[in-house]
Amino acid sequence: MSTFHLQIVTPDGGFFDGEAEKLIVRAIDGDVCILARHSPYVTALGTGEARVTIDGKRRRAACAGGMLAVTKDNVRLVATTFEWAEDIDADRAQRAKERAEQLIEKASHCKGLSHREAALLLECNQPDLIERIFHLAKEIKQKFYGNRIVMFAPLYLSNYCVNGCTYCPYHAKNKTIARKKLTQEEIRREVIALQDMGHKRLALEAGEHPSLNPIEYILESIKTIYSIQHKNGAIRRVNVNIAATTVENYRKLKEAGIGTYILFQETYHKENYETLHPTGPKSNYAYHTEAMDRAMEGGIDDVGIGVLFGLNTYRYDFVGLLMHTEHLEAKFGVGPHTISVPRICSADDIDAGDFPNAISDEIFSKIVAVIRIAVPYTGMIISTRESQESRKKVLELGISQISGGSRTSVGGYAETELPENNSAQFDISDTRTLDEVVNWLLELGYIPSFCTACYREGRTGDRFMSLVKSGQIANCCGPNALMTLKEYLEDYASEDTHRKGLELISKETERIPNPKIREIAIRNLKEISNGKRDFRL
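Being a predicted model, the structure only gives us computed values, none of them experimental. (Residues numbered from 1 in each chain as written. Predicted model: local features only at pLDDT ≥ 70, side-chain atom pairs only at ≥ 80, totals over all residues. Heavy atoms only, no water.)

Visitor: Lay out the overall build of the protein with the relevant residues and their values.
Guide: Within the protein one finds 18 helices and 19 strands. The C-alpha radius of gyration of the protein comes to 24 Å, within 12% of the 24 Å expected for a compact globule of 537 residues. Along the first, second and third principal axes, the C-alpha set of the protein runs to 75 × 55 × 50 Å. For the protein, the residues scored as buried account for 56% of the 537 residues in total. Within the structure as shown, the protein displays about 22700 Å² of accessible surface, and the carbon and sulfur contribution to it stands at 49%. Averaging the positions of the 68 positive and the 73 negative side-chain charges in the protein gives two centres separated by 4 Å. (Helix = DSSP H or I, 4+ residues; strand = E, 2+ residues; numbered from the N terminus. Rg over C-alpha atoms; globule rule 2.2 N^0.38 Å. Buried < 20%, exposed > 50% of the residue type's maximum accessible area, 1.4 Å probe, protein only. Areas by Shrake-Rupley, 256 points an atom, 1.4 Å probe, with all protein chains shown as cover. Lys, Arg positive; Asp, Glu negative; His and termini not counted. Charge placed at Lys NZ, Arg CZ, Asp CG, Glu CD.)

What follows is the structure, encoded as C-alpha cells:
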C-alpha cells in the first residue's frame, strides 16, 4: 500500500514522524480517513479514537483536540492529547477522572476554582466529563446572569500607532493600511449613527501614539460622546480600550466618567510577548502587565482583562488569565469586571494562518466553559471576530456581553468605508446588523440588554460583585434589561423584532422574583410605551 509522511505533534513536542499507510481520526464533524494522495484538507479535531496503520500494523490511540492538515503526501496532526493505547495507564486515567469529578462537584457550589484546579478541568478529554463541564457552565451562567446578553459596539477613534505588534495591522511599519483619526465632528456623526442603530454602550478603541492620540484626545472624545442627545438616543456608558498608561491618566479617565477600562494582555508568556512586540512602548512587558494595578490605584472600579488566543499556547494563557484574576482579588478585593476571549484572525497584512497556536472551536468552547466555572461572577465578552455559529455555542456556556452591528474600521458607522480605504483592525466574521442580532437573540430566548444602570447608580467594583454573589442581581439587572429592551423595540426595532421582543418581555416580566420590583417594572414598561425613557432600578 502507498504511504504518506505523517507528523504527530503534541504540546510536549514531536510525537511521531514517519511513513504511514492510513490514518483514521475523529474530526469535529465525524471520523475522517486519510490515505496517500488525499486531497488537500484542513479540519479541527474532536475527541475520540485514532487509528494509524504503519508497516501493515494498525495502532490505536486516544486523540483529543487540535488540527489536522493534509497537503500532497504530507499529513500534520497537531493534537492537544495523543497517546498510544498501549501506553495508557488505566489506573492513572481513573485517578484523573476521579479528580475531575471532584472538581466539578466543588465548582457546582458556585464559589469558583483556583487556576490550578481550572487547568486540570481544562485537560479533561472524556466526552462524559466534557458534557458535565458544559452542563455546569450553563447552570452557573443562568444562576448569576440569567438569559440577559448585554449589547455594545466598538468605536475606533484612530489607528495611528507607534508599536510594532506583529499580529496587528496597526503596527507602525504597515504602509498599506489607511491611517485615520476622527475629528470631534466626525465622532459626533459616528455616535449619532450608533444611536440611530439603538446602541447605548460603546467601547472606545485607539492605537498608541503619544502625539496623535494623547490622553487629552481620548478625554475630549469621551466628553463629546456623552454630550450627544439625538432623538431618543444617548450613549450611557463609554468603556475604554487604550494602551497602558499612568496612574494619573487613569484618574483622568475615572473623572471623565468611563465605565470599564479594558486592556488585553495578548499573551502572559514573557518571552513570546517580547517577540510579538519587538518595538514601541508596548514592548515593555512589565509595564503592560501591571497596567490594571495602576488603573485600580487610579480609582477605576471596573477593569476588563483578556488574551488573544492563538498568540501562545492556550493552556499557558488560560492559566495566566486566572492568575491575573486571583492577583487583583487578593490586592484590591475584587477581580476583573469582565474577561474577553478573542481569537487571532486575519486583517490587512496579517494572516491568521501564520500563527500555529490558533485554537479549534472545540477547545474554544471548553475554555469559555471552564472560565465560567472558575470565575462564576465575572462577565465574559465575545466580539464579532466570532461567527454566528461560534457565538451561539458559547453564549450558553458563559458569555454575557456581545457586540452587534460592529465596525472595526476607524469610524465606518456614518459612512461605509471603501475597500481601498480599509482601516480595520481585524476582519469581522459576524456581519449582521444590530437588529438582526437582537432578533436572533430573541429567537434563542435571550434578553438583549442595553442596560447601564449599575454603572450610573454607582454599583461598580466590589459593590457590583456583592450584588451578583448575593443573587440580588435578578431583582435589579433583569427588570432593567427588560426596560432597556422595550426602549429599543419602541425606537429602533423592525416589525418582526418588535413583535418577538414584546412576547419575550411579557413572559420575563412574570418571572421577576420580587413582587414589588415586578410591579415597578410593569408600570415603567407602560410609561415607555407612552414615550418616556431612561427608567432604571
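Visitor: Go over the packing of aromatic side chains, please, and point to the residues and values.
Guide: Summed over all chains, the structure comprises 9 aromatic pairs. Ring geometry for Tyr273 against Tyr285: centres 5.2 Å apart, planes inclined by 80 degrees, an arrangement best described as edge-to-face. With Tyr273 in helix 7 (residues 270-276) and Tyr285 in helix 8 (residues 285-289), this residue pair connects regions lying 12 residues apart in the sequence. Overall, Tyr285 belongs to the buried group, its relative accessible area being 15%. With a centroid separation of 6.0 Å and 35 degrees between ring planes, the pair formed by Tyr488 and Tyr492 is classed as tilted. Comparing Tyr488 with Tyr492, the two get one shared label, buried. Connected via pairs of aromatic rings, a cluster forms that spans Phe15, Phe82 and Trp84. The ring centre of Trp84 lies 3.9 Å from the NZ or CZ of Arg59, which sits over that ring. (Phe/Tyr/Trp six-rings, centres within 6.5 Å; stacked < 30°, edge-to-face > 60°. Lys NZ or Arg CZ within 6 Å of the ring centre and 35° of its normal.)

Visitor: How would you summarise the pairing of strand 2 (residues 13-20) if you had to cite specific residues and measurements?
Guide: Pairing of strand 1 (residues 4-10) with strand 2, which is carried by 7 bridges, proceeds in the antiparallel orientation. Each bridged residue has a counterpart across the sheet, and for Phe4 the counterpart in strand 2 is Ala20. Hairpin connection of strand 1 to strand 2: 2 residues between the antiparallel strands. (Pairing = 2+ DSSP bridges.)

Visitor: Describe in detail helix 5 (residues 215-227), supporting the description with residues and values.
Guide: In this model helix 5 runs 19 Å from its N-terminal to its C-terminal C-alpha over 13 residues, within 8% of the 18 Å that 1.5 Å per residue would give. Of all the residues in helix 5, the buried ones are Ile215, Tyr217, Ile218, Ser221, Ile222, Thr224 and Ile225. Considering only its buried residues, helix 5 is in contact with strand 9 (148-158), helix 4 (184-197), strand 10 (201-206), strand 13 (237-241) and helix 6 (247-255). (Expected span 1.5 Å × (residues − 1). Contact = heavy atoms within 4.5 Å.)

Visitor: Account for the pairing of strand 10, with residues named and values stated.
Guide: Most of strand 10 sits out of view: 6 of its 6 residues are buried. Residues of strand 10 alternate between two faces, with Arg201, Ala203 and Glu205 on one and Leu202, Leu204 and Ala206 on the opposite face, all of them buried. Between the parallel pair strand 9 and strand 10, the chain is carried across by helix 4, and the sense of this crossover is right-handed. Sheet topology note: the strand 10/strand 13 ladder contains 5 bridges and is parallel. Paired with Ala203 across the bridge in strand 13 is Asn239. (Right-handed = clockwise from strand over helix to strand, strands pointing away.)

Visitor: Outline the packing of helix 1 (residues 90-107) against helix 2 (residues 115-122), listing residues and values.
Guide: Two numbers describe how helix 1 lies on helix 2: the axes approach to 10 Å, and their chain directions differ by 120 degrees. In this view, helix 1 runs oblique relative to helix 2, as classed from their interaxial angle. As for how helix 1 packs across helix 2, the hand of that crossing is left-handed. On helix 2, the residues that touch Arg99, Ala100, Leu103, Ile104 and Lys106 of helix 1 are Glu117, Leu120 and Leu121. Residues that form the contact of helix 1 with helix 2 fall into these classes: 5 nonpolar, no polar and 3 charged. (Axes fitted to C-alpha atoms, helices over the stretch in contact; angles between N-to-C directions. Parallel < 35°, antiparallel > 145°, perpendicular 65-115°, else oblique. Left-handed = near helix turned anticlockwise from the far one by under 90°. Nonpolar A, V, L, I, M, F, W, Y, C, P; charged D, E, K, R; others polar.)

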